[in-house]
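# Observations on chain architecture
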Amino acid sequence: MKRSILPLGCMALLPAVASAFQPLVTDDTGTQGAKGNQVEAAYNRTVDKVSGTKAVTQEVPLVFTRGITDALDLYAGVGYQRIEPPAPGAEERGWGNPAVGAKWRFYENEASKLSFALKPEIQFPVSDSREAQGLGTGRTSYGVNLIMTQETGFGAVHANAVAERVNYADDALNAAERRTLYRLSVAPVWDVADGWKLALDAGLTTNPDLAAKAGMGYVELGAIYSPSKDLDLALGIVRNIRDGEISTTQATAGITWRFR
C-alpha cells in the first residue's frame, strides 16, 4: 500500500492545517488576546518530481482560532485535498486529518522584546480507506512546538523546535516510514514598507522515508500584505533540499482575518 511518490517530503515541511504565521512554516508567539478570533484559509499546490514522474497535491486548509486569555489560544482546523499521482494512478480527493491545538505564550519580556510559546497539537485519525488513498493517517498523531520570537529593529526573528509523532493504521506504513519527526527552523521577517513584510524561512527536518537519509530541509520565500490591522494576504514558495532524487516545490497563498 506504499503511496508511490505522494509528497512525503513536503508533508514534513508544512503543517497539516494553516495554524502557523501564514505563509511561513515557522510560527510566531503571537496570540489573539482574550475573546479575539482568527480565521485562516489557504490554497497550497505541491509538485513532487522523481525519475521523470510527477505528483500534484492541492490542499485547502481552514483554521479557526479563539483567544481564551491574552496569552492563550485554542484552535481547530481541517484541510481538503486533491491528489493527482503519476499515471496510471487514480486521482484521490477528500478531507484530511482534523486537528485541535493550543498556543500558550508562557514568557514575554517587554524590555528585550523576547517571547516564548508552547504549542501542542493533536491530529485525529481519518478512516483506514482514506489513509490508503494518501489523504491522512488512520491513527491519532500528535506534536509539540517550542516557539521563540525576538522583535528587532528591522522586524522580527522567529524560531521553532518541533517534535511530532505520526501513527498509521497500516502496519506496512508504520514499518516503512520514520514516524518521529523533528524540525528546527528560523524565519527573519522584514518590515519593508507600510503594510508589507518579506520573509525568509529555512529549516532542518526529518525525512519520513526510511529509504532516504534522515536529514533534509527546506527554504521558503514569503510576502505578507496587510491592508488593515485585521487582514493579512500572504504568498510563499517552499522548496525542499537534501531530499535525494525527489524534488518538492510548494506554492501557497493564504488569507488571515481577525475579529472580535
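Summarised in this report is the structure supplied together with it. Being a predicted model, the structure only gives us computed values, none of them experimental. (Residues numbered from 1 in each chain as written. Predicted model: local features only at pLDDT ≥ 70, side-chain atom pairs only at ≥ 80, totals over all residues. Heavy atoms only, no water.)

### Here we look at the pairing of strand E6 (residues 114–123)
Selection criterion: Between any two strands, pairing holds if DSSP finds at least two bridges. For the purposes of this entry, the term helix denotes a DSSP run of H or I that reaches at least four residues, the term strand denotes a run of E that reaches at least two, and both are numbered from the N terminus.
Sheet analysis places strand E5 (residues 99–109) next to E6, joined by 8 bridges and oriented antiparallel. For Asn 109, the partnering residue across the bridge sits in E6 and is Leu 114.

### Considering the nonpolar core
The criterion, for reference: For this analysis, a nonpolar core means a set of buried residues of the types Ala, Val, Leu, Ile, Met, Phe, Trp, Tyr and Cys, connected via side-chain atoms within 4.5 Å. Only protein chains enter the area calculation, which uses a 1.4 Å probe; residues under 20% of their type maximum are buried, those over 50% are exposed, and those in between are partly exposed. Residues count as neighbours in contact if any of their non-hydrogen atoms are within 4.5 Å of one another.
Core analysis: the biggest nonpolar cluster contains 7 residues, these being Phe 21, Leu 24, Ala 187, Val 189, Ala 199, Ile 224 and Ala 234. Each residue touching Ile 224, except ones within four places of it in the same chain, is listed here: Phe 21, Gln 22, Pro 23, Gly 195, Trp 196, Lys 197, Asp 232, Leu 233 and Ala 234.

### Thoughts on a positive patch on the surface
Heads up, the condition is: Each patch is assembled from residues with relative accessible area greater than 30% and no salt bridge, linking like charges that lie within 9 Å and nonpolar side chains (Val, Leu, Ile, Met, Phe, Trp, Tyr) that lie within 5 Å. Surface exposure here means Shrake-Rupley accessible area, sampled with a 1.4 Å probe, where a residue is shielded only by the protein chains that are shown. A pairing counts as a salt bridge when a side-chain nitrogen of Lys or Arg comes within 4 Å of a carboxyl oxygen of Asp or Glu. Counting rule applied: Lys, Arg positive; Asp, Glu negative; His and chain ends not counted. Each charge is placed at NZ for Lys, CZ for Arg, CG for Asp and CD for Glu.
A surface patch of positive charge is lined by Arg 45, Lys 49, Lys 54 and Arg 239. Inspection of the secondary structure puts Arg 45 in strand E1 (residues 37–50).

### With respect to the layout of surface pockets
Rules: Using only the protein atoms, space was sampled on a 1 Å grid; points where a 1.4 Å probe fits but cannot get out form cavities, open sets with protein on both sides within 12 Å along at least five of seven lines form pockets, and lining residues are those with an atom within 4 Å of a point. Grid points are joined across faces, edges and corners, and a volume is the space filled by probe spheres set on the points.
Approximately 830 Å³ is the volume attributed to the largest pocket. Taken together, 38 residues form the lining of the largest pocket, with Phe 21, Asp 28, Thr 29, Gly 30 and Thr 31 sitting closest to its centre. Looking at the lining of the largest pocket, the element that brings in the most residues is E5, giving 4 residues.

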